Amino acid sequence: MRHTVLVIDDEPEILKLLDHNLTRAGYVVITAKDGERGLEAVRRHRPDLVILDVMLPGMDGWDVCKGIKGDPVTAGTALLMLTARGEEENRILGLELGADDYVTKPFGVRELIARVKALLRRSEQGEERPEVIRVGKLVIDSGRRQVRHGEQSVDLTATEFDLLRALAEGKGKVIAREDLILAARGEESTSMDRTVDVHVASLRRKLGRAGGMVQTVRGVGYRLSAKE
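Residues numbered from 1 in each chain as written. Predicted model: local features only at pLDDT ≥ 70, side-chain atom pairs only at ≥ 80, totals over all residues. Heavy atoms only, no water.

Within the chain, the regular secondary structure consists of eight helices and 12 strands. Burial statistics for the chain: of 228 residues in total, 46% are counted as buried. For the chain, contacts bridging at least 24 residues in sequence account for 55% of all contacts bridging at least 6. Put simply, the chain shows about 12,200 Å² of open surface, and 47% of that area lies on carbon and sulfur atoms. (Helix = DSSP H or I, 4+ residues; strand = E, 2+ residues; numbered from the N terminus. Buried < 20%, exposed > 50% of the residue type's maximum accessible area, 1.4 Å probe, protein only. Contact = heavy atoms within 4.5 Å. Areas by Shrake-Rupley, 256 points an atom, 1.4 Å probe, with all protein chains shown as cover.)

See the structure below:
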């Protein structure tokens, strides 16, 4: 499953550069051009990693960092600070606020992507795939391959179950259509996006009142919300 990276920077050329190269490296990329929008994107999309510029208009990177690390929901998000400032005290401040790494401008794209890969590997170490996942009133039991909504059992096909489990494991993050079909079939698929849409429509129908938890993100894919 592809990781999601959020880039928060007020320089259009930096956003364009990182969007292009991170996408080529296989990541789902989201961008924001100021601190307020960046913090909103963190809470909305729950990215795996944030690349955060310090010198932002309005809310600066330090305050965004505090907002991310001070919220129990997003505190575990990997965070790489990106800034033109290279003084040691600024690096120390970023790390003290909870940043995981620090890169100064100008930077080499290959080095930055290597740092991103290393941070994501580090954040995944020790993580185990939960056998039972609870999202709101939904309970997905991987061992028994059963789904319940409250006290009601939900009968799903194997593909529908795997799609729902992939969405639940995403913890509210957006998952691209191609990643969902890969999660369901265990191999690269040449199926069109419409195939996933058909499975999702059937999944929503079977979930009944909980079907609205499966949300469409236009042009990208789907996510699972805890709210019905």
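Glancing now at helix H2 (residues 35-45). Helical geometry: 3.6 residues make up each α-helical turn, so side chains three or four residues apart lie on a common side. Gly 35, Gly 38, Leu 39, Ala 41, Val 42 and His 45 are the residues of H2 that are buried. In a view along the axis of H2, the buried residues occupy a sector of 155°, so they form one face of it. Summarising the geometry of H2, the exposed residues directed more than 90 degrees from the buried face are Glu 40 and Arg 44. Contacts made by the buried residues of H2 are with strand E1 (4-8), strand E2 (28-32), strand E3 (49-53), helix H3 (61-69) and strand E12 (221-224). Directly beyond the C-terminal end of H2, a positive phi value near 50° is found at Arg 46. (Arc of directions from axis to C-beta.)

Next up on the list: unusual backbone geometry. Most peptide bonds take the trans configuration, and most residues that are not glycine carry a negative phi. Following Lys 105, the chain continues to Pro 106 via a peptide bond in cis, the omega torsion being -10°. Mapped onto the fold, Pro 106 is located in the loop between strand E5 (101-104) and helix H5 (109-124). Backbone geometry places Arg 145, a non-glycine residue, at a positive phi of 55°. In the Ramachandran plot, Lys 171 falls in the positive-phi region, its phi being about 55° despite a non-glycine side chain. In this structure, Lys 171 sits in the loop between helix H6 (158-169) and strand E10 (175-176). Classification of Lys 171 as exposed rests on a relative accessible area of 55%.

What follows concerns the nonpolar core. Counting 24 residues, the largest nonpolar core has Leu 138, Leu 164, Leu 180, Leu 207, Val 214 and Leu 224 as the members making the most contacts within it. Only strand E6 (132-135), strand E7 (138-141), H6, helix H7 (177-185), helix H8 (193-207) and E12 provide two or more residues apiece to this core. If you tally residues by element for this core, the top one is H6, at six residues. Those residues in contact with Leu 207 that lie beyond four places of it in its chain are Leu 138, Val 154, Leu 164 and Val 214. Membership of the second largest hydrophobic core comes to 20 residues, among which are Val 5, Val 7, Ile 14 and Leu 15. (Core = buried A, V, L, I, M, F, W, Y, C linked by side-chain atoms within 4.5 Å.)

Coordinates in, geometry out; function isn't part of it.
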